[in-house]
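# A closer look at the structure
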Amino acid sequence: MLKLFEHEHLDVKRLSDEETAIEVRNLSLQFSDKPVLNDISMRIPKHRITALIGQSGCGKSTLISCFNRMNDLISGCRYQGEIILGGRDINHKKENVSRLRTQVGMVFQRPNPFPLSIYENVCYGLRLQGVNGRRQLDDTVEQALVDAALWDEVKDRLFESAQVLSGGQQQRLVIARALALKPDILLLDEPTSALDPLTTLYIEELMAGLKKRCSIIIVTHNMQQAARVSDYTAFLHQGRLIEYSDSDSLFTMPHKKQTEDYITGRYG
Ligand SMILES: Nc1ncnc2c1ncn2[C@@H]1O[C@H](COP(=O)(O)OP(=O)(O)OP(=O)(O)O)[C@@H](O)[C@H]1O
Ligand SMILES: [Mg+2]
C-alpha cells in the first residue's frame, strides 16, 4: 500500500487522509499561564521524514511531545485543538495512552539506555506487554537491531551491559528499542546533537532506510541535517507554524522573511 506513493512528491498542504500520519488541528498549548503553542494546524505525511526547525524555546519538543501525550506528565499543561492519528483524536479521554506510546515511539537527544543488557533494552517494551516467549523475543531483538544498523556490532555480546556501548551505538540501541514495538511513527528529538559528525551521518542514513517502516519526525538545530535528511520541513517561531513545505523549497526559496532570517542564520 505504501509503495504506491513511496517516491511521489506530496504537497503537504493538500494531503489526503490516506497520506497523513498525523493531522494537527488548531493546536494551542499553555504551561500554566504561559502560551507555548499557538493555533498550529498541519498534516504530517506517512512514510516521509519531516523536520521541525526553529530557535531554542519555540516549542518544537513540546509539539512532538503532544504526538504521544508525553505532556500529560507535566502539571499545569493545558491544550486545545485536536491531534488526529489513524482517524481518532488522541486527546480523547478514552484514548489508550500506553497503546498510543507503542504506536508513536520517541528518541531523545541524549541516548538513554536502561541499566540492563543490550538484549533486555531492546525487548523491554515487549516484556511490558507480557511477551515472554524466548523465540519471539530473540527474533524481535535481532530484527530491531538489524533495522537500527547495530546488529553486526553487538550480536556477540547481547547479554553485556548496554552502558559500555559508545554514544552512537547507544543512540542506535535506543532506536532499536523503539523499533521493536513496530511503531507507525518515530519521533526523534535532536537525535544526533550529542554525536560526532561521522556517527551523525550513519544515523541519518539509518533514518532514510526507516522511512519504509514508519513516518519519521525529527527535531534538529542543524539546518544542513534538515536539508539533507528530511523530505518536508516545518519552521516554528514563538509557538506558531510560520512555514511548512517540501525541504527543497523551504531552504532554497523560503516564502516568509522570518524563515529566511532563521535559515540564513540571522537569529536563533
Ligand atoms: N515543563 C515545562 N513547564 C513549563 N514551561 C515549559 C516546560 N517545558 C517547556 N516549557 C517552555 O515551553 C517553551 C517551549 O519549550 P520547548 O522545549 O518545546 O522548546 P524547543 O523548541 O524544543 O527548544 P530547544 O531547541 O531549546 O530544545 C519554552 O519557553 C520552555 O521554557
Ligand atoms: Mg527541544
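Looking at an unreviewed UniProt entry, one finds the chain named Phosphate ABC transporter ATP-binding protein, with Alteromonas aestuariivivens as its source organism.

The secondary structure content of the chain amounts to 11 helices and 10 strands. Per-residue burial for the chain yields a buried fraction of 53% across its 268 residues. Counting every atom, the chain has about 12,900 Å² of accessible surface; 50% of that belongs to carbon and sulfur. Separation between the mean location of the 33 positive side-chain charges and that of the 34 negative ones in the chain comes to 4 Å.

Before going further, it helps to examine the packing of helix H7 (residues 167-179) against helix H8 (residues 197-210). For the pair H7 and H8, interaxial distance at closest approach is 10 Å and the crossing angle is 15 degrees. The orientation of H7 relative to H8 falls into the category roughly parallel. As for how H7 packs across H8, the hand of that crossing is right-handed. For the pair H7 and H8, the contacting residues are Gly-168, Gln-171, Arg-172, Ile-175 and Leu-179 in the first and Thr-199, Tyr-202, Ile-203, Leu-206 and Leu-210 in the second. Its residues placed into classes, the contact of H7 with H8 shows six nonpolar, three polar and one charged.

Strand pairs in the sheet, formed through backbone hydrogen bonds, run parallel or antiparallel to each other. Strands sit in the order S6-S7-S8-S3-S9-S10 across an open sheet of six strands; the sheet is mixed. Unpaired on one side and paired on the other, strand S6 (104-107) and strand S10 (240-246) mark the two borders of the sheet. Pairwise comparison of adjacent strand axes, ignoring direction, gives a mean angle of 15 degrees for this sheet. Note that strand S3 (residues 49-53) and strand S9 (residues 232-237) share four bridges and pair parallel. Bridge pairing in S9 places Thr-50 opposite Tyr-232. Packing of H7 onto the sheet brings it into contact with S6 and strand S7 (185-189), and relative to S6 it is tilted by some 170 degrees. Running over the sheet, H8 touches S3, S7 and strand S8 (215-219) and is turned about 150 degrees from S8.

Another aspect to go through is the UniProt feature "domain: ABC transporter" (unreviewed entry) in the chain. Here, UniProt's "domain: ABC transporter" (unreviewed entry) annotation points to residues 22-263. Secondary structure across residues 22-263 comprises 37% helix and 27% strand; the distance between its end C-alpha atoms is 25 Å.

This part covers H7. Look at H7: 18 Å from first C-alpha to last across 13 residues, which is about the 18 Å you get at 1.5 Å a residue. Summarising burial for H7: 12 of the 13 residues are buried, a large majority. If you check which residues of H7 are buried, you get Gly-168, Gln-169, Gln-170, Gln-171, Arg-172, Leu-173, Val-174, Ile-175, Ala-176, Arg-177, Ala-178 and Leu-179. Where H7 is buried, its residues contact S6, helix H3 (118-122), helix H5 (134-147), helix H6 (151-154), S7 and H8.

Further remarks concern the packing of aromatic side chains. Enumeration over the complete set of coordinates arrives at three aromatic pairs. In this arrangement the basic side chain of Arg-177 is found over the ring face of Phe-114, its NZ or CZ atom lying 3.9 Å from the centre.

So, on to the site of ligand 1. Around ligand 1 there are 14 residues in total, and Ser-56, Gly-57, Lys-60, Thr-62 and His-221 lie nearest to it. Lys-34 is positioned such that a nitrogen or oxygen atom in its side chain is 3.2 Å from an oxygen atom of ligand 1. Cys-58 is positioned such that a nitrogen or oxygen atom in its backbone is 3.3 Å from an oxygen atom of ligand 1. Contributing elements (two or more residues each) for the shell around ligand 1: strand S2 (34-45) and helix H1 (60-66). If one sorts the elements of the shell around ligand 1 by residue count, H1 sits on top with three residues. For the shell around ligand 1, the per-class residue count stands at four nonpolar, seven polar and three charged.

Calculation rules
Residues numbered from 1 in each chain as written. Chains lettered and ligands numbered in written order. Predicted model: local features only at pLDDT ≥ 70, side-chain atom pairs only at ≥ 80, totals over all residues. Heavy atoms only, no water. Helix = DSSP H or I, 4+ residues; strand = E, 2+ residues; numbered from the N terminus. Buried < 20%, exposed > 50% of the residue type's maximum accessible area, 1.4 Å probe, protein only. Areas by Shrake-Rupley, 256 points an atom, 1.4 Å probe, with all protein chains shown as cover. Lys, Arg positive; Asp, Glu negative; His and termini not counted. Charge placed at Lys NZ, Arg CZ, Asp CG, Glu CD. Axes fitted to C-alpha atoms, helices over the stretch in contact; angles between N-to-C directions. Parallel < 35°, antiparallel > 145°, perpendicular 65-115°, else oblique. Left-handed = near helix turned anticlockwise from the far one by under 90°. Contact = heavy atoms within 4.5 Å. Nonpolar A, V, L, I, M, F, W, Y, C, P; charged D, E, K, R; others polar. Pairing = 2+ DSSP bridges. UniProt positions renumbered as here; feature names shortened; annotations may be inferred. Expected span 1.5 Å × (residues − 1). Phe/Tyr/Trp six-rings, centres within 6.5 Å; stacked < 30°, edge-to-face > 60°. Lys NZ or Arg CZ within 6 Å of the ring centre and 35° of its normal. Near = heavy atom within 4 Å. Polar contact = N/O pair within 3.5 Å; in protein donor to acceptor, adjacent residues only side chain to side chain.

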